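Residue strings, one per chain:
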Amino acid sequence: MLPWHARPLGDVLAELGTDPRRGLDEPEAARRLAVVGPNALAARQRSGALGLLLEQFRDVVVWVLVGAALVSGVLLGEWVEAGVIAAIVVLNAVLGFVQGARAEEALEALRRTTAPEATVRRNGHERRVPARDVVPGDMVLLGAGDRVPADVRLVDARHLRAAEAALTGESVPAAKQVDAVEEHAVLGDRHSMVFTGTTVVAGRGAGVVVATAGDTAVGGIARLMEEQEEEPTPLQRELASVGRRLALLAAGVAGLVFALGAARGYPSDEMFLTAVALGVAAIPEGLPAVVTITLARGTRRMAREHALVRRLAAVETLGATTVICTDKTGTLTRNEMGVQRVLTAAGDEEVAELDGEMRDAYARVASLCSDAHTGDEGEAGDPIEIALLRSVESAGVDPAVVRGRYRRVDELAFDATRKRMATLDEGDGALRMSVKGAPEVMAPRCHAILTTEGVVPLDDGGRRRLLDQAEELAAGGLRTLALAERVVEGATSRVLEDLEDGLVWIALVGLRDEPRDESPASVAEAKAAGVRVLMVTGDHPATASAIARDVGIADHGRVMAGRELQRLSEHELSEVAEQYPVFARVDPADKVKIVDAWKARGEVVAMTGDGVNDAPALRAADIGVAMGTGTDVGKDAADMVLADDNFASIVAAIREGRRIYLNLQKIVSFLLSANAAEVLLILAVLLIFGDAGAPLLATQILWINLVTDGLPVLALATDPAPPGIMSQPPRRTRSLLGAREQLRMLGRGAILAAGAFAALLYAHVVRDLPWEHVRTLVFTTLVGVQLGYVFVIRHEGHGWDEGRLPPNRWLAIAVAFSVALQVAVVATPVGHDLFDTRSLDALDWIVAAVVSALVPQSIRFLQRRDDAAGLVP
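Reading guide: rules and limits
Residues numbered from 1 in each chain as written. Predicted model: local features only at pLDDT ≥ 70, side-chain atom pairs only at ≥ 80, totals over all residues. Heavy atoms only, no water. Helix = DSSP H or I, 4+ residues; strand = E, 2+ residues; numbered from the N terminus. Buried < 20%, exposed > 50% of the residue type's maximum accessible area, 1.4 Å probe, protein only. Contact = heavy atoms within 4.5 Å. Areas by Shrake-Rupley, 256 points an atom, 1.4 Å probe, with all protein chains shown as cover. Pairing = 2+ DSSP bridges. Axes fitted to C-alpha atoms, helices over the stretch in contact; angles between N-to-C directions. Left-handed = near helix turned anticlockwise from the far one by under 90°. Nonpolar A, V, L, I, M, F, W, Y, C, P; charged D, E, K, R; others polar. Salt bridge = Lys/Arg side-chain N within 4 Å of Asp/Glu carboxyl O. Patch = residues over 30% accessible without salt bridge, like charges linked within 9 Å, V, L, I, M, F, W, Y side chains within 5 Å. Phe/Tyr/Trp six-rings, centres within 6.5 Å; stacked < 30°, edge-to-face > 60°. Lys NZ or Arg CZ within 6 Å of the ring centre and 35° of its normal. Arc of directions from axis to C-beta. Expected span 1.5 Å × (residues − 1). pLDDT = per-residue confidence, 0-100. Core = buried A, V, L, I, M, F, W, Y, C linked by side-chain atoms within 4.5 Å. Polar contact = N/O pair within 3.5 Å; in protein donor to acceptor, adjacent residues only side chain to side chain. Parallel < 35°, antiparallel > 145°, perpendicular 65-115°, else oblique.

Caption draft 1: Spotlight on the overall build of the protein. Scanning the protein for helices and strands turns up 32 helices and 24 strands. By residue count, 56% of the 873 residues in the protein fall in the buried class. Here the contacts in the protein between residues at least 6 apart in sequence split such that 73% fall between residues at least 24 apart. Put simply, the protein shows about 34900 Å² of open surface, and 56% of that area lies on carbon and sulfur atoms.

Structure (structure tokens):
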């Protein structure tokens, strides 16, 4: 069966049982409402505040910490440590809850796109009814400014135009008609229909409702959105992997220590507690909080770049992006039409360069044959007419002054069939007809052309040349419009349309939504960073191809149109997708298909959009980026909103995402290396000096992990991006804790542990000091080597050219503060009581300082070697 837009009108009315002059009877409307239900999208089930809070505890690392807190408190009796770990878990959950408080409201926003009331014809009378009571078969009456309440097949269209950008991506209002259109026409070409949530901007009309609620085009988008499962971001997947490995590591360490103790004959109950304590020590308690705080700080930095992040994990995802599917209108372009070319008999000129009668004629037609307004009070009207008025102003002529000299006598509004608009105006002692429209319908009606020598006849060859010029402009992605006029001699009783003949051709105008000034540079920067940029738009292929060339997305005109795309399976599209930098005339399902095809290739996909039609693809993408001036639907389906609708902000956000991930790599590497050092040190001492006791107490381990390491780690998160961060390809399979990274962390931890073990040998073997004194020196030395190591880790993978990475003053302050705290713990009575430390003499401090300097230097040497060999990503 043919779709509604392709069926003859008589068949549509017959199937719906509707008399267009009478509409439905009230009883029949009530019966249909009972059958099909209200004209409203079903409300989405919301998880509520409690559900949102519980979501914060789905992280594996969080549950590892919960287990560590229980073990610390219940088994080890370390209730202070358990309380601190619990506080970290709660802090992490609160931060995530606050950031996610603006939960997904996409379907709620879709419901708000339905008009609150509609004018229908029932029992032969017009009446206003709630939009939710509109049913299939209702006759809906439409006028300028009306919101369309349902999907409507037009029965009458008088110069009717509808703004459909939110659905189709088409920047210019669509002209509507009554005649059926081709069966496979994409949404933007279904001119015999108007759709739910769109707005009538000009003319009037009437039509029969063919779909309501979930059966409408918007309802189809809602279903697409429901089908898109929200997948974890790359960072969430990697942190989950880290959490699982930490849990295994803790269990493995505990089991190993218990086995070693049992083999040496230590009491099993004592070894069990020691093993559990060491297992807990292997876990970096501050990692989730540091990650959350790092991401939260990233959201603030991105906000300064006009990128508002709705989900914390999405901050980092942009750094992993390999493909950006970007909308055209408003993102790469200014979202305002402008006159780019004006071709007259004198040649290709700027409007401001026109002079004499040519300028006056252009200003006259553009001003009179228009219903738009510009000026100090703002702009209103059709975007093309606004662009023409702006061009008149650029020539030094005020359209309001031109209009003030004339009085409109009659008019014929633009419609899809006539493809032109005409006005009849009286003034300056003459009756003038001004006409603008498509060149192909204007040229046959022009018998003359205005030249610098005056009006000269126009023959068939001249008209052919004018149409050739129009085709050339259209091939360049410009919308073409011809301006013409004639003086009507004497009074006339002829129909106005009969006067649209014998016109004088004034000019051929090419208009376009121009690219933003910063778009070419931003696209180039994204490409240099190894990010593929694609244009996905509902606009015409020629327009899309021209803009793609101008901004640098494509240097050729290869475009895949929606109709061609629909014939391909997702697998087939995945295989050929890289051949097409531009996808045009696509609908919402096409956009999802494009996203899925690239994801199937293993790419991390960012999708931009602003309309209802973009919402499913925004949700399907790894990161959805909505425009701040777009629809609520688009914003609520997205992970990030661009306040300035600017592609350059996306590139800036990618740069910030990469910086965040790079710093998270440093943080994870530092924390796990430091914790490995603690575990390896304790294992070594238990094996070699088991009778002496543990080299670190639980409170001292907690101090290192949460305080001494914590402040420098937070400062490390503020590290600026290295200058070459956008010249590197995006990461793909590289992870926070891959096999190479694990070996490197274990090796670095062994070196750090060796430094502390050397201090222990000095104090215990050489000087034979009391074990409490030995433990204090080991504790202080381990803090020192870790604080020195933090300066090494920030240069990971950047070589040792100090000029390449800007200094981090916050890190220097944090390390200095941590040193002061450690001195206080060792040198004050309060520190002695809380951490069971002893005062160190001058020789001890010298040993701790020397080891703290030499151990990081040895790691620096290894790091230089790895950098030179290209072993560090």
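Anyway, onward from the coordinates.
Caption draft 2: Spotlight on the pairing of strand 7 (residues 199–211). Here five bridges tie strand 3 (residues 139–143) to strand 7, and the two strands are oriented antiparallel to one another. Within the sheet, the bridge partner assigned to M139 lies in strand 7 and is V208. Bridge count for strand 4 (residues 151–163) against strand 7 is 10 bridges, and the pairing is antiparallel. Across the sheet, residue A163 finds its bridge partner in strand 7, namely T199.

Caption draft 3: Just the packing of helix 13 (residues 356–368) against helix 14 (residues 383–394), in detail. Closest axis-to-axis distance for the helix 13/helix 14 pair is 9 Å, and the angle between their directions is 145°. For the crossing formed where helix 13 meets helix 14, the hand is left-handed. Seen from helix 13, the contacting residues are Y362, A363, A366 and S367; seen from helix 14, they are L388, L389, S391 and V392. When the residues that make up the contact of helix 13 with helix 14 are grouped by side-chain class, the tally is six nonpolar, two polar and no charged.

Caption draft 4: Local environment of the pattern of salt bridges. Scanning the model with the defined rule gives 41 salt bridges in all. Among the ionic pairs, R127 bridges to E26, the shortest N-O distance being 2.2 Å. With R127 in strand 2 (residues 125–130) and E26 in helix 2 (residues 26–36), this pair connects stretches of sequence that are 101 residues apart. The partly exposed category is assigned to E26, whose relative accessible area is 24%. Of the charged contacts, one joins R463 and D460 as a salt bridge, the two residues approaching to 2.8 Å between their closest N and O atoms. Here the residue R463 and the residue D460 both occupy positions in helix 17 (residues 460–475), the gap between them amounting to three residues, near one helical turn. Members of the salt-bridge network, linked through shared partners, are E26, R122, R127 and D138.

Caption draft 5: Here's a closer look at a nonpolar patch on the surface. On the surface, L843, I846, V850 and L854 cluster together into a nonpolar patch covering about 370 Å² of accessible area. In this structure, V850 sits in helix 32 (residues 842–869).

Caption draft 6: Layout of the sheet that holds strand 20 (residues 559–561). An order of 8-24-23-22-9-19-21-20 is seen for the eight strands of this open sheet, with the pairing classed as mixed. Every interior strand has two partners, whereas the edge strands, strand 8 (307–309) and strand 20, have only one. The mean inter-strand angle of the sheet, taken between neighbouring strand axes irrespective of direction, is 20°. Where strand 20 and strand 21 (residues 582–584) come together, three bridges link them in parallel fashion. Note on strand 21: the bridge partner recorded for V559 is V582. Set on the sheet, helix 19 (residues 541–551) makes contact with strand 19 (532–536), strand 20 and strand 21; between it and strand 21 the angle comes to about 155°. Contacts from helix 22 (residues 588–600) reach strand 9 (323–326), strand 19, strand 21 and strand 22 (605–609), with the element oriented near 165° to strand 22.

Caption draft 7: Quick look at the packing of aromatic side chains. Tallied over the full model, the rule gives four aromatic pairs. Each ring, one from W703 and one from F835, has its centre 5.1 Å from the other, and the planes form 65°; the classification is edge-to-face. Here W703, found in helix 26 (residues 698–708), pairs with F835, found in helix 31 (residues 829–835); they are 132 residues apart in sequence, far enough to count as distant. In this pair, the class of W703 matches that of F835, namely buried. A cation sits over an aromatic face here: R7 above W4, 4.1 Å from the ring centre.

Caption draft 8: Representation of helix 1 (residues 9–16) in the model. When we look at burial in helix 1, the residues that qualify are L9, V12, L13 and L16. End-on, the buried residues of helix 1 take up no more than an arc of 95°, which puts them together on one face. Where helix 1 is buried, its residues touch helix 2, strand 4 and strand 7. Where helix 1 ends, the next residue or the one after it, G17, has phi of about 65°, a positive value.

Caption draft 9: How the structure looks around the environment of F835. On the basis of relative accessibility, which here comes to 13%, the residue F835 falls in the buried class. Placed 136 residues apart in sequence, F835 and T699 show a C-alpha to C-alpha distance of 6.2 Å. When neighbours within four sequence positions are excluded, F835 is seen to be in contact with L697, T699, Q700, W703 and V825.

Caption draft 10: Quick look at unusual backbone geometry. Of note in the backbone geometry, D428 takes a positive phi value of approximately 55° without being a glycine. In this structure, D428 sits in the loop between strand 13 (420–427) and strand 14 (430–437). Positioned with a positive phi, D836 is a non-glycine residue whose angle comes to about 55°. In this fold, D836 is placed in the loop between helix 31 and helix 32.

Caption draft 11: Fine view of helix 13. With 13 residues, helix 13 extends 18 Å between its outermost C-alpha atoms, agreeing within 8% with the 18 Å of an ideal straight helix rising 1.5 Å per residue. Restricting attention to buried positions, one finds in helix 13 the residues M358, A361, Y362, A363, R364, V365, A366, S367 and L368.

Caption draft 12: Main features of the confidence of the model for the protein. Overall, the predicted model of the protein reaches an average pLDDT of 81, with 80% of residues at or above 70. The model gives residues 99–111 a pLDDT under 50, and that stretch makes 44 contacts with residues more than four places away or in other chains. With pLDDT under 50 throughout, residues 799–803 is counted as low confidence; its partners more than four residues away or in other chains account for 10 contacts.

Caption draft 13: View of the side chain of R32. With respect to the helices and strands, R32 occurs in helix 2. With residues up to four places along the chain from it excluded, the contact list for R32 reads L16, G17, T18, L24, G37, V135, P136 and G137.

Caption draft 14: Main features of the side chain of H5. The topology assignment puts H5 in the segment before helix 1. Judged by its relative accessible area of 5%, H5 is buried. Setting aside chain neighbours within four positions, we find H5 in contact with R153, A180, V181, E182, E183, A185, R190, S192 and M193.

Caption draft 15: Structural context of the nonpolar core. Ranked by internal contacts, the top residues of the largest apolar core, which has 97 residues, are M640 and L681. With 18 residues, helix 25 (residues 647–688) is the single largest residue contributor to this core.

Caption draft 16: Looking closely at the environment of R407. As for its placement among the helices and strands, R407 is situated in strand 12 (residues 406–412). In sequence terms R407 and L431 are 24 residues apart; their C-alpha atoms lie 9.5 Å from each other. Not counting chain neighbours up to four residues away, the residues in contact with R407 comprise L424, D425 and E426. A distance of 2.6 Å separates a polar atom in the side chain of R407 from a polar atom in the side chain of E426.

Caption draft 17: Expanded view of the packing of helix 25 against helix 29 (residues 771–793). Packing of helix 25 against helix 29 leaves a shortest axis separation of 11 Å and a crossing angle of 155°. Between helix 25 and helix 29, the angle falls in the class roughly antiparallel. Once helix 25 is placed against helix 29, the crossing between them reads as right-handed. Contacts between helix 25 and helix 29 involve K666, S669, F670, S673, A674, A677, E678, L681 and V685 from the former and W771, V778, L782, Q786, Y789, V790 and I793 from the latter.

Caption draft 18: The pairing of strand 10 (residues 333–344), seen in detail. Both strand 10 and strand 18 (residues 503–515) contribute to a ladder of seven bridges, which runs antiparallel. Opposite R341, over in strand 18, you have G510 as the bridge partner. Here strand 10 runs beside strand 11 (residues 347–349); their pairing, made up of three bridges, is antiparallel. Paired with V342 across the two strands is E349, which belongs to strand 11.

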